[in-house]
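Structure at a glance
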Amino acid sequence: MPRVVFRGASYETDGQSVLDCLTARGHAVPNSCRAGVCQSCIMRSIRGAIPEKAQDGLTPTMRARDLFLACQCFPTEDLEVALADDVIERIDAEISAIERMNDEICAVRLRPLRPYKYRAGQFLRLFMDTRTSRNYSLASVPSLDDDLLLHVRRFSGGLVSGWIFDDLKPGDIVSISEAFGDCFYVPGRPYQDILLLGTGCGLAPLYGIARDALNSGHRGRIQLFHGSVSAGGLYLVEQLCQLAANHPNFCYRGCVSGGPSADSHWSGTPLDLSLKHNPDLTGWKVYLCGNPQMVKAARMETFLAGAASSEIFADPFLPTGTPSMPTSSMRISGAASG
């Protein structure tokens, strides 16, 4: 029976993942979704072979540093491991601005103190201290923005979001990780239609992806449906309407599920309204970001509407402690909040 060695102690896995094996013995290993989505449980192998599945979705540089997803790692031989927060490279960044977008979402602008590579729509880890961090998606575009741009929703009792809203100020220096995830625009099919569905601050990666695609000369239709329960939950409306005015192939629809329609938005959910106007998604690329229940439903509904599983990219925003979501063959990258 393979054993896991952690901080000098050795445990039989009994068929468990590394995460389950260690947490069952009382060790505090950061985790959130337990489905390989949020990447909160990344650990490092000190000795022993890492199963291939445990590195699915990680960047080549992360693989090269022997990082793996503890929740997806079922050792086939003895494996000595360490917490990733002890070994993940941290990059200092200066807070250049914090701006309220609505009552519960703020935009945080970060300026890394050394060169930083990323793709619009990926996510990074923001560290509050040596042990506490959360993942946030990037709304910025490298070729368009000098700063990294995050959209942060304040959660009731949220440790990190409370710190961001109440304590951070321009000029503060924070630590961030490299960028993760595969929820980003890839040039090469300029006439492919693109559907972007999001709720809440799930707009962040979609805003980045849309601007990146348009800046890259994408010619196919790009339709962005962003939803909230009330009109007050919508934001970046003016900027998105201006983007649509400047680009005839881009369409923005603000969707409100808890009230009647108005001139500035549609009544209904992003998923329902998008499928009503695009019942056949054959050949489309689809990006889904935000509420995990919406993402789960939209993965299935857009697939049934004709989108290929390999063309559906999902970024569910999972608050810390959220139960695991079922995975599928569709490609996923994660962002956790709290």
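The structure reproduced in this document is the subject of the present report. Computed from a predicted structure; not experimentally measured.

Reading the values: the criteria
Residues numbered from 1 in each chain as written. Predicted model: local features only at pLDDT ≥ 70, side-chain atom pairs only at ≥ 80, totals over all residues. Heavy atoms only, no water. Helix = DSSP H or I, 4+ residues; strand = E, 2+ residues; numbered from the N terminus. Rg over C-alpha atoms; globule rule 2.2 N^0.38 Å. Contact = heavy atoms within 4.5 Å. Pairing = 2+ DSSP bridges. Axes fitted to C-alpha atoms, helices over the stretch in contact; angles between N-to-C directions. Patch = residues over 30% accessible without salt bridge, like charges linked within 9 Å, V, L, I, M, F, W, Y side chains within 5 Å. Areas by Shrake-Rupley, 256 points an atom, 1.4 Å probe, with all protein chains shown as cover. Salt bridge = Lys/Arg side-chain N within 4 Å of Asp/Glu carboxyl O. Buried < 20%, exposed > 50% of the residue type's maximum accessible area, 1.4 Å probe, protein only.

Looking now at the overall build of the chain. When helices and strands are tallied, the chain shows seven helices and 19 strands. In terms of overall dimensions, the chain is globule-like: its C-alpha atoms have a radius of gyration of 20 Å, near the 20 Å expected for 338 residues. Taken over the C-alpha atoms alone, the chain extends approximately 65 × 45 × 35 Å along its principal axes. When contacts within the chain are restricted to residue pairs at least 6 apart in sequence, those whose partners lie at least 24 apart make up 67%.

With that out of the way, let us pick up the sheet that holds strand β7 (residues 105-112). The strand order β9-β8-β11-β6-β7-β10 describes an open sheet built from six strands, whose pairing is antiparallel. With partners counted over all chains shown, the strands left at the sheet margins are β9 (133-137) and β10 (148-153), one partner each. If you compare each strand with its neighbour and ignore which way they point, the axes differ by 40° on average. Direction of pairing for strand β6 (residues 91-100) relative to strand β11 (residues 173-176): antiparallel, over a ladder of four bridges. Paired with A93 across the two strands is V174, which belongs to β11. Sheet strands touched by helix α3 (residues 159-166): β6, β7, β8 (123-127), β9, β10 and β11. Its angle to β9, the strand with the most contacts, is close to 70°.

Right, let's talk about a nonpolar patch on the surface for a bit. On the surface, M300, F303 and L304 cluster together into a nonpolar patch covering about 310 Å² of accessible area. Within the secondary structure layout, L304 lies in helix α7 (residues 292-304).

The next subject is the sheet that holds strand β2 (residues 9-12). What holds strands together in a sheet is hydrogen bonding between their backbones, with the strands either parallel or antiparallel. The strand order across the open sheet formed by five strands is β2-β1-β5-β3-β4, and the pairing between neighbours is mixed. Strands with a single pairing partner mark the edges of an open sheet, and in this sheet they are β2 and β4 (67-69). Mean inter-strand twist for the sheet, computed between neighbouring axes without regard to direction, equals 40°. As paired elements, strand β1 (residues 3-6) and strand β5 (residues 79-83) share three bridges and run parallel to each other. Across the sheet, residue V5 finds its bridge partner in β5, namely E80.

A separate point is the side chain of Q192. Examined against the element boundaries, Q192 turns out to sit in the loop between β11 and β12 (194-199). Judged by relative accessible area, which is 7%, Q192 ranks as buried. Excluding anything up to four places from it in sequence, Q192 contacts H218, G220, R221, G283, W284, K285 and E311.

What follows covers the pattern of salt bridges. As enumerated under the stated definition, the model contains 11 salt bridges in all. A salt bridge links R111 to D147, with the nearest nitrogen and oxygen atoms 2.6 Å apart. Here R111, found in strand β7, pairs with D147, found in the loop between β9 and β10; they are 36 residues apart in sequence, far enough to count as distant. A relative accessible area of 42% means that R111 is categorised as partly exposed. Residues participating in the shared-partner salt-bridge network are R189, K285 and E311.

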